[in-house]
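Structural characterization, general
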Amino acid sequence: MKFSLSLPVLRDRSHRDPYHETFALAQLAEEMGFDTVTVGHHHFLPGNMSDPLTFLTAVAMRTSTLRVGTGIFQLPVHNPVRVAEQVATIDELSGGRISLGVGLGWWPLEYEVHGSHFRTRGARMEEALEILRLVWTEEKTSYDGRFYSFPELTVYPRPVQQPSIPLWVAGVADAAVDRAARLGDAWLCGPVQSLGKALSCLRVYRESCARHSRQPEWILRRYAWIGTDRRSVEEEVLPAYVDGLVEHWRESAEDDTELELFRRMDAGEHVPPTEIAQDRLLWGSPDDVIAQIERYREATGCTHVHAAFGAGLPADSGLSSTFGSFEDHQAMIRLFGTEVIPAFR
């Protein structure tokens, strides 16, 4: 079982190294046995990273074995040839330790400002993924598409990883899941969707992989909070954290399961945080989290779990869209690394 981690964006503008706490968490994740750390991508929102690729370069330079990745990078917003150059540069600098996780996003403004178009985001993603694979695997190549065209060229530097830098593709709509099977190296599942929805998407993914003769590889993403005992997490953390998650899900959720949850809440029904968390989060004591991962593995066959501790708050919620302090995250990474990861090795 592989375990990955979402890095919180912790800024301290008064410090000479404003992201020193986030860098320290990445180094601790490497020490604790995590395979990969990821950062997200949003423009014009204070709690998010507008330039995750530059940031991941800094993370890679402060670690030696830890892989870095995006979770997710909004690929259709930007020119794919430029993205290919940037990611290949990180691949070279890190000695082949980057994966590019991509998705569509949900905010039209980000597309408009960068000269892209939100309504054609799915088709743009198709071309962009084709271009990344093309320029990373071939030299002296050209492309003529609906949105992107370029004459014969070679992208430099050439990737270190062969045959190509791994592409992780997110999405829950059937078309997006099929796209991950056809054009990606792995599908990113979640983190918002319930276990039932994840299973439905997984069936689509596996069927698409079979049709296209691709090996199904996928990563189960879950929001998370781990503590030394379940009661403290349930009483002191879960209510406020789940409230923040639900507020954020209202910004972007499209699945019927989440829409039904909002309908119940808007009708005045009290939905306990534990009910919302049950099929969506990893939470509680180390023993609780181990049991939850075992349940997910039994139901889905997953072999790669991505934990996002305290992540998923509304994107405009302040200087961080992550719940909890540096000390909270440091303790959770250490606890997960010493108690949970060894249970699956």
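Nothing here was measured: the structure is a model prediction, and the numbers come from that model. (Residues numbered from 1 in each chain as written. Predicted model: local features only at pLDDT ≥ 70, side-chain atom pairs only at ≥ 80, totals over all residues. Heavy atoms only, no water.)

1. What to know about the overall build of the protein
Quick note on the threshold: Comment: elements are numbered from the N terminus, with helices defined as DSSP H or I runs of at least four residues and strands as E runs of at least two. The atom set for the radius of gyration is the C-alpha atoms, and the globule formula is 2.2 Å times the number of residues raised to the power 0.38. A 1.4 Å probe rolled over the protein chains alone gives each residue an accessible area, and that area as a share of the maximum for its type sets the label: buried under 20%, exposed over 50%, partly exposed in between. Any pair of residues with heavy atoms lying within 4.5 Å of one another is described as a contacting pair.
Per the secondary structure count, the protein includes 12 helices and 12 strands. For 345 residues, the compact-globule estimate of 2.2 N^0.38 gives 20 Å, and the protein sits close to it at 20 Å. Summarising its shape, the C-alpha atoms of the protein cover approximately 60 × 45 × 40 Å along the three principal directions. By residue count, 56% of the 345 residues in the protein fall in the buried class. Of all intrachain contacts in the protein linking residues separated by at least 6 positions in sequence, the fraction that spans at least 24 positions is 71%.

2. A short note on the environment of Ile-293
Tracing the chain through its elements places Ile-293 in helix H11 (residues 286-300). Taking the C-alpha atoms as reference, Ile-293 lies 16 Å from Thr-338; in sequence the two are 45 residues apart. Residue contacts for Ile-293: discarding those within four places in its chain leaves Met-1, Phe-3, Leu-282, Val-305, Phe-336, Val-340 and Phe-344.

3. Things to note about the pattern of salt bridges
Quick reminder of the rule: Definition used for salt bridges: Asp or Glu carboxyl oxygen within 4 Å of a side-chain nitrogen of Lys or Arg.
Scanning the model with the defined rule gives 17 salt bridges in all. Taking the shortest distance from any N to any O, the salt bridge between Arg-133 and Asp-185 comes out at 3.1 Å. Of this pair, Arg-133 sits in helix H5 (residues 121-137) while Asp-185 sits in the loop between helix H6 (174-183) and strand S9 (186-189); the two residues are 52 residues apart in sequence, bridging distant segments of the chain. Salt bridges sharing common partners tie together Glu-126, Asp-178, Arg-179, Arg-182 and Arg-211.

4. Considering the packing of helix H2 (residues 52-61) against helix H3 (residues 80-94)
Selection rule: Where helices are involved, their axes are fitted lines through C-alpha atoms of the stretch in contact, as for all axes, and angles between N-to-C directions lie from 0 to 180°. Our angle categories are set so that under 35 degrees counts as roughly parallel, over 145 as roughly antiparallel, 65 to 115 as roughly perpendicular, and the remainder as oblique.
The geometry of H2 relative to H3 is characterised by a closest axis approach of 10 Å and an angle of 5° between their N-to-C directions. What the angle tells us is that H2 and H3 run roughly parallel. Two secondary-structure elements touch here, H2 through Leu-53, Thr-57, Ala-60 and Met-61 and H3 through Gln-86, Val-87, Ile-90, Leu-93 and Ser-94.

5. Topic: the packing of aromatic side chains
Worth spelling out the cut-off: In this scheme Phe, Tyr and Trp rings, the latter by its six-membered ring, pair at centre separations within 6.5 Å, and the angle between planes marks the pair as stacked below 30 degrees, edge-to-face above 60, and tilted otherwise.
If you walk through the whole model with that rule in mind, you get 16 aromatic pairs. With centroids separated by 6.1 Å and ring planes inclined at 25°, the aromatic side chains of Trp-106 and Trp-107 adopt a geometry described as stacked. Here Trp-106 falls in the partly exposed class, since its relative accessible area comes to 24%. Seen from their ring centres, Phe-309 and Phe-336 are 5.6 Å apart, and the 70° between their planes marks the pair as edge-to-face.

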